[in-house]
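Residues per chain are reported as follows:
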Amino acid sequence: MKWRGCPSVPILNYDRFYHHRRFHFTTFLRKVQTSQPRASAAAAGSNGSSSQGNWFVVPGATVATILMLGALHARRLYDDKKIEEARAKGVELEFHPDVKARFLRLLPLRSISRFWGSLTGMELPVWLRPHVYKAWARAFHSNLEEAQLPLEEYASLREFFVRRLKEGLRPIDSDSCCLVSPVDGTVMRFGELRGPGAMIEQVKGCSYSASSLLGANSFLPMIAAGDANEESDGEENTVTDSTQKSWWKISFASPKVRDTESSRPLKGLFYCVIYLKPGDYHRIHSPVDWNVLVRRHFTGHLFPMNDRATRTIRNLYVENERVVLEGQWQEGYMAMAAVGATNIGSIELFIEPTLRTNNPQKKLLPSEPPEERVYEPKGTGVLLKKGDEIAAFNMGSTVVLVFQAPISQSSAHQGSSSEFRFCIERGDRIRMGEALGRWKDS
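Residues numbered from 1 in each chain as written. Predicted model: local features only at pLDDT ≥ 70, side-chain atom pairs only at ≥ 80, totals over all residues. Heavy atoms only, no water.

A few points about the UniProt feature "modified residue: Pyruvic acid (Ser)" (unreviewed entry) in the protein chain
Our working definition: UniProt positions are given in the numbering used here, feature names are shortened, and annotations may be inferred rather than shown by experiment. Working definition: helices are DSSP H or I runs of at least four residues, strands are E runs of at least two. Numbering for both runs from the N terminus. The cut-offs for exposure are 20% and 50% of the maximum accessible area for each residue type, with area from a 1.4 Å probe on protein chains only; residues under the lower value are buried, those over the upper are exposed, and the others partly exposed.
Feature annotation in UniProt places "modified residue: Pyruvic acid (Ser)" (unreviewed entry) on S397, given in this structure's numbering. Here S397 is to be found in the loop between β15 (389-393) and β16 (398-407). When its relative accessible area of 0% is taken as the criterion, S397 is described as buried.

Quick look at the structure:
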């Protein structure tokens, strides 16, 4: 379904976007305080002994909850330590579903995430803000020295999560033959997509197709490097339905693209998966200069996106809610998928502030098509420069890039090293603006 908008897509001030949606923490406390005497009086009128017992229910439940969360946190730290030890020994953990992964499907994670969003949107008293944010920073290793504003000026946890950084802390690599990281995070996977399936490795023993991540209507180039060399015109083919063609698919087959010169460089298809931890900088930036033509919003689950989840939940990136942007850059196809997670159902798109994610639904249908919008004007869409802000997560999650880049003739014949080369390693910590890969200017 195409959504026709106005000829231009305005970019609004994100910091003012949530002002009308804030909840006041002090107002919330006042309601709780006024409701307690009423509840106590009603209970006393019916049964005095039950009223006295109720005073112990809430503290007891709170203590039990804290103990449970502490035990889960300790177990997570133990599992993380084992994973780090295995990686240090060069052992790569394989996909292995477990009971906990099946249990997660029974939990109302979307509702839990909406409730968490309401809590983080509550406006905190000014005196309390530094204490809350410093506690968060200690727990998740955030660098508060990088925050653009004093801590007292972030009215809620939501505003603190998506805070901007001080000017100049994330310099953008200015090399025109360089693709930069759109986020701060950890490099999970990267490589070249070959063959008709174009499979992206989730973890050893489990992969998912790029088309299932980006959508059936994606104009993802599905031609392998070897096949491209056999084509006389070197056309950047797309998967098109013979009975239903869209303008953006036709635009990729325009005479300007269909260059018949044999000297025209071949294009390979690459991918990179970057995971954002809760303590990372949460804004997403443009990795290159490109035109965003289409946006798709996939409604899905909100499973965790941590290391354990990737090893235990099959097709995790495809099952979770996500927002996909597709377009074109100087080297061909470009797509970016922002994948949501538990407590991160809200993905804010700066180029489309009206987009709402994690909306209440009665039932999730696996076959439900994504909500799609084609940006105006046709063939141009929204122009983004390298380093421009695109979106934000409320905590942390995952960004997947799928893009075309130049490859050499030897790569097409022999499957050897390509002209585009990643300058990262799996497990590397990378900052927004740092190079993911480079290629030679032909």
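Still to come is the rest of the account.
Thoughts on the pattern of salt bridges
For the record, the criterion: Whenever a carboxyl oxygen of Asp or Glu lies within 4 Å of a side-chain nitrogen of Lys or Arg, that contact is scored as a salt bridge.
All chains considered together, the criterion is met by 21 salt bridges. We note a salt bridge from E319 to R105, for which the minimum N-O separation is 3.0 Å. One end of the pair, E319, is in helix α12 (residues 316-319); the other, R105, is in the loop between α4 (99-104) and α5 (109-120), with 214 residues separating them in the sequence. Of the residues examined, R105 reaches a relative accessible area of 42% and is grouped as partly exposed.

Some remarks on the side chain of D280
The following threshold applies: Identification of polar contacts relies on pairs of N or O atoms within 3.5 Å, with a donor-acceptor requirement for protein atoms, meaning one able to donate a hydrogen and the other able to accept it, and with residues adjacent in sequence counted only if both atoms are side-chain atoms. Whether two residues are in contact is decided by their heavy atoms, any of which lying within 4.5 Å being enough.
The residue D280 is located in the loop between β7 (266-275) and β8 (283-285) in this model. Of the polar contacts made by the side chain of D280, one reaches the backbone nitrogen of K277; its length is 2.7 Å. Of the polar contacts made by the side chain of D280, one reaches the side chain of R429; its length is 2.6 Å. Sequence-distant contacts of D280, that is, excluding residues within four places in its chain, are made with D184, G185, Y275 and R429.

Side note on the sheet that holds strand β19 (residues 435-438)
Backbone hydrogen bonds hold the strands of a sheet together, and the pairing may be parallel or antiparallel. As a reminder of what qualifies: In this description, strands pair whenever DSSP reports at least two bridges between them.
Read from one edge of the open sheet, 3 strands run β3-β19-β17, paired in antiparallel fashion. Two strands in the sheet have a free side with no partner beyond their single neighbour: β3 (178-180) and β17 (421-422). Pairing of β3 with β19, which is carried by 3 bridges, proceeds in the antiparallel orientation. Residue C178 lies in a different strand from β19, and its bridge partner there is R438.

Here we look at the environment of E326
By the secondary structure assignment, E326 is in strand β10 (residues 322-329). Distance from E326 to F403, taken between C-alpha atoms, is 9.6 Å for residues 77 residues apart in sequence.

Comments concerning α5
Put simply, the rule reads: To estimate the expected span of a helix, count its residues, drop one, and scale the result by 1.5 Å. Throughout, the arc means that of the directions going from the helix axis to the C-beta atoms.
Between its first and last C-alpha, α5 extends 16 Å over 12 residues, near the 16 Å set by a 1.5 Å rise per residue. For α5, every residue scored as buried is listed here: L109, R110, S113, G117 and T120. Projected down its long axis, α5 carries its buried residues within an arc of 100°, all on one side. Among the structural elements, α4, β2 (122-123) and α7 (157-161) are those in contact with the buried residues of α5.

Things to note about the confidence of the model for the protein chain
The condition is simple: One confidence number per residue, pLDDT, is output by the predictor and ranges from 0 to 100.
Of the residues in the protein chain, 65% have a pLDDT of 70 or more, and the chain-wide mean is 75. Mean pLDDT values over the elements of the protein chain span from 36, in helix α10 (residues 247-251), up to 96, in strand β14 (residues 382-384). Note on residues 14-21: pLDDT under 50 across the span, and 14 contacts to partners over four residues away in sequence or across chains. Ignoring residues within four places in sequence, the model shows residues 35-58, a span with pLDDT below 50, making 7 contacts including any to other chains.

Points about the packing of aromatic side chains
As a reminder of what qualifies: Whether two aromatic rings pair depends on their centres lying within 6.5 Å, for rings of Phe, Tyr and Trp, where Trp uses its six-membered ring; planes under 30 degrees apart make the pair stacked, over 60 edge-to-face, and the rest tilted.
One pass over the structure, following the stated rule, counts 16 aromatic pairs. Ring centres 5.5 Å apart and planes at 85° place the aromatic pair W329 and W439 in the edge-to-face group. Remark: W439 occurs in the segment after β19 and W329 occurs in strand β10; sequence separation between them is 110 residues. A single burial state applies to W329 and to W439, both of which are buried. Seen in terms of ring centroids, F420 and F422 are 5.1 Å apart; in terms of plane orientation they differ by 85°. Their pairing is edge-to-face.

Observations concerning the nonpolar core
The line we're drawing: As used in this record, nonpolar core signifies buried Ala, Val, Leu, Ile, Met, Phe, Trp, Tyr and Cys residues forming a set joined through side-chain atoms within 4.5 Å.
Grouped together as the largest cluster of nonpolar side chains are 40 residues, with contacts concentrated most on W290, L349 and F403. Breaking this core down by element, the ones donating at least two residues are β7, β9 (290-298), β10, β11 (332-339), β12 (347-349), β14, β15 and β16. The element that contributes the greatest number of residues to this core is β16, accounting for 5 residues. Not counting the four nearest positions on each side in its chain, L349 is found in contact with R295, V323, L325, L355, Y375, I390 and A391. Y208, L214, F303 and Y333 belong to the second largest nonpolar core, which has 34 residues in total.

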